[in-house]
Amino acid sequence: MTTGEPSTRRTRRRVARVVLIAGVVAALVAVAVIVVPLLLPPGPRPPFQLPVACGETWRLGTYPGHDDYDVDLFPTVGEAWGRPVLASYAGEVTVAGINGSLGARTPDDPDGPRGRGGGYWVKIDHGGRWETQYLHLLEPPLVRVGQRVAQGEQIGRVGSTGNSGAPHLHYEQRRGWQKVETYFDGAPSGITHDDREYTVKLTSNNCAPR
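Note that the structure is predicted; figures quoted are calculated from it, not measured.

**Thoughts on the environment of Arg 148**
Link 1 in the chain: The residue Arg 148 is located in strand E7 (residues 148-149) in this model.
Link 2 in the chain: Taking C-alpha positions, Arg 148 is 6.4 Å from Val 93, a pair spaced 55 residues apart along the chain.
Link 3 in the chain: Setting aside chain neighbours within four positions, we find Arg 148 in contact with Gly 91, Glu 92 and Glu 153.

This is the structure we're talking about:
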């Protein structure tokens, strides 16, 4: 007389193997979805614009120790506190939060204690492995992770959170894994290495479509 138990055990083992194989395949697919795009060469440079209001002239600068390709932006006219920060190009928000710690520098107490890192910040993925970063914002970003933003859409306001000595916008453009020289309106900014202090004045063409 047979009980059917050996057959049942074999069936269970086969089911377990199928489940295991399916899990391995799913894991490999998930890894490929993440890794393969990172191995592809970056796409063409998006037509980035200055991350500030149309027609405004700002001073862009760097200084020794600031790190290569990092750009600090200060308005040439008027107060920096609270000025709109705009998306340089359309994309998807991948970070909107706090980098490091905030400190306590505000318009009412501009000499308050510094924080660490970038304070309130935003990172935008523009596709083709291009991204931009916006740091030291005044308050929590006006956008959220996963949100699609248009070029020129406001994402925050200029502040001095994090490790910041005065209200300004710290801005970066990245291609793949690396920071690169910032381009605005199709032209290089000229801010490359931080071996010396360097400034340039540019006028924003981050304007609404005509």
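**Quick notes on the nonpolar core**
Link 1 in the chain: Leu 60, Leu 73, Val 122, Ile 124, Tyr 134 and Ile 155 are the most contacted members of the largest nonpolar core, which has 27 residues in total.
Link 2 in the chain: Looking at this core, the elements with two or more residues in it are strand E1 (57-62), strand E2 (71-75), strand E5 (116-127), strand E6 (130-137) and strand E9 (169-175).
Link 3 in the chain: Among residues more than four places away in sequence, those in contact with Leu 60 are Leu 50, Val 71, Asp 72, Leu 73, Phe 184, Ile 191, Tyr 198, Thr 199, Val 200 and Leu 202.

**Overview of the pattern of salt bridges**
Link 1 in the chain: For the structure on display, the rule yields six salt bridges.
Link 2 in the chain: Across the pair Lys 179 and Asp 67 runs a salt bridge, and its minimum N-O distance is 2.7 Å. One end of the pair, Lys 179, is in strand E10 (residues 178-180); the other, Asp 67, is in the loop between E1 and E2, and 112 residues separate them in sequence.
Link 3 in the chain: Residue classification places Asp 67 among the partly exposed residues on the basis of a relative accessible area of 39%.
Link 4 in the chain: Note that Glu 172 is salt-bridged to Arg 174, the shortest N-O span being 3.0 Å.

**Let's talk about the packing of aromatic side chains**
Link 1 in the chain: For the structure shown, the criterion picks out four aromatic pairs.
Link 2 in the chain: For the pair Phe 48 and Tyr 89, a centre-to-centre distance of 6.3 Å together with 85 degrees between the ring planes defines the contact as edge-to-face. Pair noted here: Phe 48 is in the loop between helix H1 (5-39) and E1 and Tyr 89 is in the loop between strand E3 (84-86) and strand E4 (91-101), with a separation of 41 residues, a long-range link.
Link 3 in the chain: Classification of Phe 48 as buried rests on a relative accessible area of 1%.
Link 4 in the chain: Taken together, a centroid distance of 5.4 Å and an interplanar angle of 70 degrees make the contact between Tyr 134 and Tyr 171 edge-to-face. Residue Tyr 134 is found in strand E6, and its partner Tyr 171 is found in strand E9; the two are separated by 37 residues along the sequence.

**Points about the side chain of Glu 181**
Link 1 in the chain: Structurally, Glu 181 is set in the loop between E10 and strand E11 (183-184).
Link 2 in the chain: Among the polar contacts made by the side chain of Glu 181, one reaches the main-chain amide nitrogen of Gly 190 at a distance of 2.7 Å.
Link 3 in the chain: In contact with Glu 181, not counting residues within four places along its chain, are Arg 45, Tyr 69, Gln 173, Pro 188, Ser 189, Gly 190, Ile 191 and Thr 192.

**Regarding the pairing of E9**
Link 1 in the chain: Here E9 lies mainly inside the structure; six of its seven residues are buried.
Link 2 in the chain: When E2 meets E9, the two strands line up antiparallel, connected through three bridges. Note that in E9 the partner of Val 71 across the bridge is Tyr 171.
Link 3 in the chain: Bridge count for E6 against E9 is six bridges, and the pairing is antiparallel. Within E9, the residue paired with Thr 132 across the bridge is Gln 173.
Link 4 in the chain: Relative to E10, E9 runs antiparallel, the two sharing three bridges.

**Overview of unusual backbone geometry**
Link 1 in the chain: Its identity is not glycine, yet Tyr 69 carries a phi of approximately 75 degrees, on the positive side.
Link 2 in the chain: As for its placement among the helices and strands, Tyr 69 is situated in the loop between E1 and E2.
Link 3 in the chain: For Asp 185, which is not a glycine, the phi torsion comes out positive at approximately 55 degrees.
Link 4 in the chain: Among the secondary structure elements, Asp 185 is positioned in the loop between E11 and strand E12 (187-188).
Link 5 in the chain: When its relative accessible area of 47% is taken as the criterion, Asp 185 is described as partly exposed.

**Remarks on the environment of Pro 188**
Link 1 in the chain: Along the polypeptide, Pro 188 turns up in strand E12.
Link 2 in the chain: Given the relative accessible area of 47%, Pro 188 is considered partly exposed.
Link 3 in the chain: The residues touching Pro 188, leaving out its near neighbours within four places in the chain, are Glu 181, Thr 182 and Tyr 183.

Definitions and cut-offs
- All residue numbers refer to positions counted from 1 along the written sequence of the respective chain.
- In keeping with the model being predicted, local features are shown solely for residues with a pLDDT of at least 70 and side-chain atom pairs are shown and tallied solely at 80 or more, while totals for entire chains, interfaces and linings include all residues.
- To obtain the side-chain values, all non-hydrogen atoms of the structure were used and water was disregarded.
- Only DSSP runs of H or I reaching four residues or more are called helices, and only runs of E reaching two or more are called strands; each is numbered from the N terminus.
- Any two residues whose heavy atoms approach within 4.5 Å at even a single point are treated as in contact.
- Put simply, a nonpolar core is a bunch of buried Ala, Val, Leu, Ile, Met, Phe, Trp, Tyr and Cys residues held in one set by side-chain atoms that sit within 4.5 Å of each other.
- Per-residue accessibility, obtained with a 1.4 Å probe over protein chains only, is compared with the maximum for each type, and a residue is labelled buried under 20%, exposed over 50%, and partly exposed between these values.
- The term salt bridge refers to a side-chain nitrogen of Lys or Arg lying within 4 Å of a carboxyl oxygen of Asp or Glu.
- Ring geometry is summarised as follows: Phe, Tyr and Trp rings, the Trp one being its six-membered ring, pair when their centres sit within 6.5 Å, and such pairs are stacked at plane angles under 30 degrees, edge-to-face over 60 and tilted between the two.
- Residues adjacent in sequence count toward polar contacts only when both atoms are side-chain atoms; beyond that, a polar contact is any pair of N or O atoms within 3.5 Å, and within protein one must be able to donate a hydrogen and the other to accept it.
- Only strands joined by at least two bridges in the DSSP assignment are considered to pair.

None of the figures reported here should be taken as evidence of function without further support.
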